[in-house]
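# Geometric and topological summary
For reference, the chains in residue letters:
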Amino acid sequence: MTLLVYGAYGYTGALVSRAAVDRGTDPILAGRDGDALRELGRDLRCSVREFDLSIPEAVTETVRDVDAVLNCAGPFASTAAPLVDACVETGTDYLDVTGEFRVFEALAARDAEATAADVTLLPGVGFDVVPTDCVAAALLDRLPDATALALGFDADGDVSRGTARTAVRGLGETVVARRGGALVSLPTDERERRIDFGRGERPAAAVPWGDLVTAAHTTGVGDVTVYAALPPRVARLRRLARPVGPLLRTRPVRWLLDRVVAARVEGPTAAERAANRAFVWGEARTDAGEVAVERLRTPDPYDLTVEASLAAAERVLAGDAPSGFTTPAGAFGSSFVDVVDGVTWLDR
Ligand SMILES: NC(=O)c1ccc[n+]([C@@H]2O[C@H](COP(=O)([O-])OP(=O)(O)OC[C@H]3O[C@@H](n4cnc5c(N)ncnc54)[C@H](OP(=O)(O)O)[C@@H]3O)[C@@H](O)[C@H]2O)c1
């Protein structure tokens with residue numbers, strides 16, 4: 001069984017590629033920068049495939065003989081569609097580590113096509129959305145009549161360049177949530193909330209993350225809101241940035257910020273990751289007023305992404321996942337997150 005890792009020399013892709021080799025998988029390393037690929041290939045003693053995503057026929061021919069693609073090249077709004085096109089055409093399973101809700105929506109819309117081709121489409125096998133998706137599924141096991149879900153996370157540590165660039169793309173976007181099954185702009189008074197993620201109450205803000213699509217798909221619940229904890233410094237910056245929100249939506253400003261991030265943001269070091277923790281929280285409510293809460297403590301988000309994405313890829317390669325669009329907990333159940341070393345359910 002062959003796994004191709006696309007974006008293999010990026011921050012996340014290189015961590016995933018190295019761990020895949022350590023786990024005894026012999027991945028094919030792929031991406032568009034031949035020099036970076038060959039250097040990593042020499043280091044990890046893996047074969048490499050250099051291709052960019054602009055020529056559909058080339059992408060199709062390159063993935064034809066592999067069993068699954070694990071896409072680590074983001075922003076995924078640019079990379080998911082061409083790889084999924086090629087995977088559906090060639091009967092290759094597709095996974096990625098996106099957290100972009102529009103990418104989840106676009107892939108969910110291809111469910112029938114992927115099912116007909118007997119292809120698994122499993123995006124979001126990283127920190128976003130594995131733990132939150134498992135929390136959502138566990139809450140529904142406890143409260144099967146739930147009609148509203150709130151999910152969120154509070155993570156230590158710095159982000160990598162790709163994560164920061166993906167976030168810059170989303171700057172100034174309307175804050176959306178799912179209501180009555182549809183994605184809608186969230187009323188201002190629901191955008192901030194205090195949440196105990198597992199280490200005391202702290203301020204949190206609604207974010208348009210992937211769970212808006214995946215939790216609804218996994219649980220069938222039509223009301224979903226996702227929150228991220230705000231470190232005090234960020235909470236202050238948000239207040240200061242409010243008047244310039246419209247400016248952040250302009251192309252030149254986003255381009256400039258993207259350049260600054262590309263030049264300056266490095267990912268966390270191994271020592272920093274080892275010291276980092278994250279907390280994941282979920283709350284389910286029924287119309288009758290019943291409430292259930294589940295919380296997880298997890299290792300660093302990038303370390304979780306590496307372990308969860310490879311565990312998911314191994315299960316897909318073993319034929320354990322359904323065809324069509326699916327989610328981590330939808331495919332493997334609410335306990336899937338337990339494959340990651342150091343994950344603890346705090347309310348059990
Ligand atoms: N779900 C999660 O929890 C989670 C966890 C970790 C990362 N992520 C996401 O994963 C993505 C990568 O993050 P990172 O920190 O690894 O970023 P990074 O170090 O900047 O690496 C990005 C990789 O993607 C490639 N890439 C970007 N755009 C491309 C395109 N249009 N065509 C081909 N290759 C392209 C880059 O290649 P070039 O250098 O040639 O541009 C590079 O290999 C981000 O979107 C981030 O948000 C999600």
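This is a predicted model, so every value here is computed, not measured.

Turning to the layout of surface pockets, a few remarks are in order. Estimates place the volume of the second largest pocket at around 160 Å³. In terms of lining, the second largest pocket is formed by Ala-148, Leu-149, Ala-150, Arg-179, Glu-190, Arg-193, Asp-223, Thr-225, Tyr-227, Glu-283 and Arg-285. Among the elements of the structure, β7 (148-155), β12 (223-229) and β13 (277-285) are those that each provide at least two residues to the lining of the second largest pocket. Partitioning the lining of the second largest pocket into residue classes produces four nonpolar, one polar and six charged.

In this structure, Tyr-94, Leu-95 and Leu-149 are the most contacted members of the largest nonpolar core, which totals 95 residues. Looking at this core element by element, the count peaks at ten residues for helix α14 (residues 301-317). For Leu-95, the residues in contact, after removing those within four places along its chain, are Ala-68, Val-69, Leu-70, Asn-71, Leu-122, Val-125, Ala-312, Ala-313 and Val-316. Formed by twelve residues, the second largest nonpolar core is a distinct cluster that contains Ala-150, Val-175, Leu-186 and Ala-204.

Looking now at the environment of Glu-314. Counting through the fold element by element, Glu-314 comes out in helix α14. It is 9.4 Å that separates the C-alpha atoms of Glu-314 and Ala-68, two residues lying 246 residues apart in sequence. The contacts of Glu-314, once residues within four sequence positions are left out, are Arg-23 and Thr-25.

We now examine empty space enclosed by the protein. Using the criterion set out here, one finds one cavity of 30 Å³ or more in the structure. Its volume calculated, the largest cavity comes out at about 40 Å³. Its residues placed into classes, the lining of the largest cavity shows three nonpolar, one polar and two charged.

Here the focus is the pairing of strand β9 (residues 182-185). Where strand β8 (residues 176-179) meets β9, four bridges bridge the pair, whose relative direction is antiparallel. Residue pairing across strands places Ala-177 opposite Val-184, the latter belonging to β9. Between β8 and β9, which pair antiparallel one after the other, the connecting turn spans two residues, and Gly-180 there sits at a positive phi close to 55 degrees.

Before going further, it helps to examine the packing of helix α1 (residues 11-22) against α14. The N-to-C vectors of α1 and α14 enclose an angle of 50 degrees; their axes lie 9 Å apart at closest approach. Classified by the interaxial angle, the pair formed by α1 and α14 is oblique. Relative to α14, α1 is oriented so that their crossing is right-handed. Contacts between α1 and α14 involve Tyr-11, Thr-12, Leu-15, Val-16, Ala-19 and Ala-20 from the first element and Tyr-302, Thr-305, Val-306, Ser-309 and Leu-310 from the second.

Right, let's talk about the side chain of Arg-178 for a bit. Of note, Arg-178 is situated in strand β8. Buried Arg-178, no salt bridge; nearest opposite-charge side chain is Glu-105, N-O distance 5.0 Å. Not counting residues up to four positions away in its chain, the partners in contact with Arg-178 are Leu-183, Leu-212, Val-213, Ala-216, Val-221, Gly-222, Asp-223 and Val-224.

A separate point is the side chain of Asp-133. Structurally, Asp-133 is set in helix α7 (residues 130-142). Buried within the structure, Asp-133 lacks any salt-bridge partner; its nearest side chain of opposite charge belongs to Arg-178, at an N-O separation of 11 Å. Discounting chain neighbours no more than four positions away, the residues touching Asp-133 are Asp-211, Thr-214, Ala-215, Thr-218, Thr-327, Pro-328, Ala-329 and Gly-330.

On to the sheet that holds strand β4 (residues 68-71), then. Strand pairing in a sheet takes place through backbone hydrogen bonds and is either antiparallel or parallel in direction. Here seven strands make up an open sheet; going across it, the order is β3-β2-β1-β4-β5-β6-β15 and the pairing parallel. Sheet topology places β3 (48-50) and β15 (324-325) at the edges, where each strand pairs with a single neighbour. Across three bridges, strand β1 (residues 3-6) lies against strand β2 (residues 28-31) in parallel orientation. Within β2, the position partnered with Tyr-6 by the bridge is Ala-30. Seen against the sheet, helix α2 (residues 34-44) touches β2 and β3 and runs at an angle of roughly 175 degrees to β3.

Procedures and definitions
Each chain has its residues counted from 1, following the order in which its sequence is written. In view of the model being predicted, local features appear only for residues whose pLDDT reaches at least 70, and side-chain atom pairs are presented and counted only at 80 or more, with totals across whole chains, interfaces and linings using the full set of residues. Each side-chain value is worked out from all heavy atoms of the structure, with water and hydrogens disregarded. The pocket and cavity definitions rest on a 1 Å grid over protein atoms only: a 1.4 Å probe that fits but cannot leave marks a cavity, an open set with protein on both sides within 12 Å along at least five of seven lines marks a pocket, and residues lining either have an atom within 4 Å of a point. Grid points are joined across faces, edges and corners, and a volume is the space filled by probe spheres set on the points. Here a strand is any run of E in DSSP of at least two residues, a helix any run of H or I of at least four, and the numbering for each starts at the N terminus. Each residue receives one of three labels: charged for Asp, Glu, Lys and Arg, nonpolar for Ala, Val, Leu, Ile, Met, Phe, Trp, Tyr, Cys and Pro, and polar for the others, Gly being one of them. For the purposes of this section, nonpolar cores are sets of buried Ala, Val, Leu, Ile, Met, Phe, Trp, Tyr and Cys residues that join through side-chain atoms within 4.5 Å. Only protein chains enter the calculation, and the probe is 1.4 Å; a residue is then buried if its accessible area is under 20% of its type maximum, exposed if over 50%, and partly exposed in between. By definition in these notes, contact holds between two residues if any of their heavy atoms fall within 4.5 Å. Criterion used throughout: strands pair if DSSP finds at least two bridges between them. Between N-to-C directions, angles span 0 to 180 degrees; the directions come from axes that are lines fitted to C-alpha atoms, helices contributing only their stretch in contact. For this classification, under 35 degrees means roughly parallel, over 145 means roughly antiparallel, 65 to 115 means roughly perpendicular, and everything else is oblique. Two helices cross in a left-handed way if the nearer one is turned anticlockwise from the farther one by less than a right angle. They cross in a right-handed way if the turn is clockwise. Charged-residue counts in this description rest on Lys and Arg as positive and Asp and Glu as negative, His and the chain ends being excluded. A pair is scored as a salt bridge if a Lys or Arg side-chain nitrogen falls within 4 Å of a carboxyl oxygen belonging to Asp or Glu.

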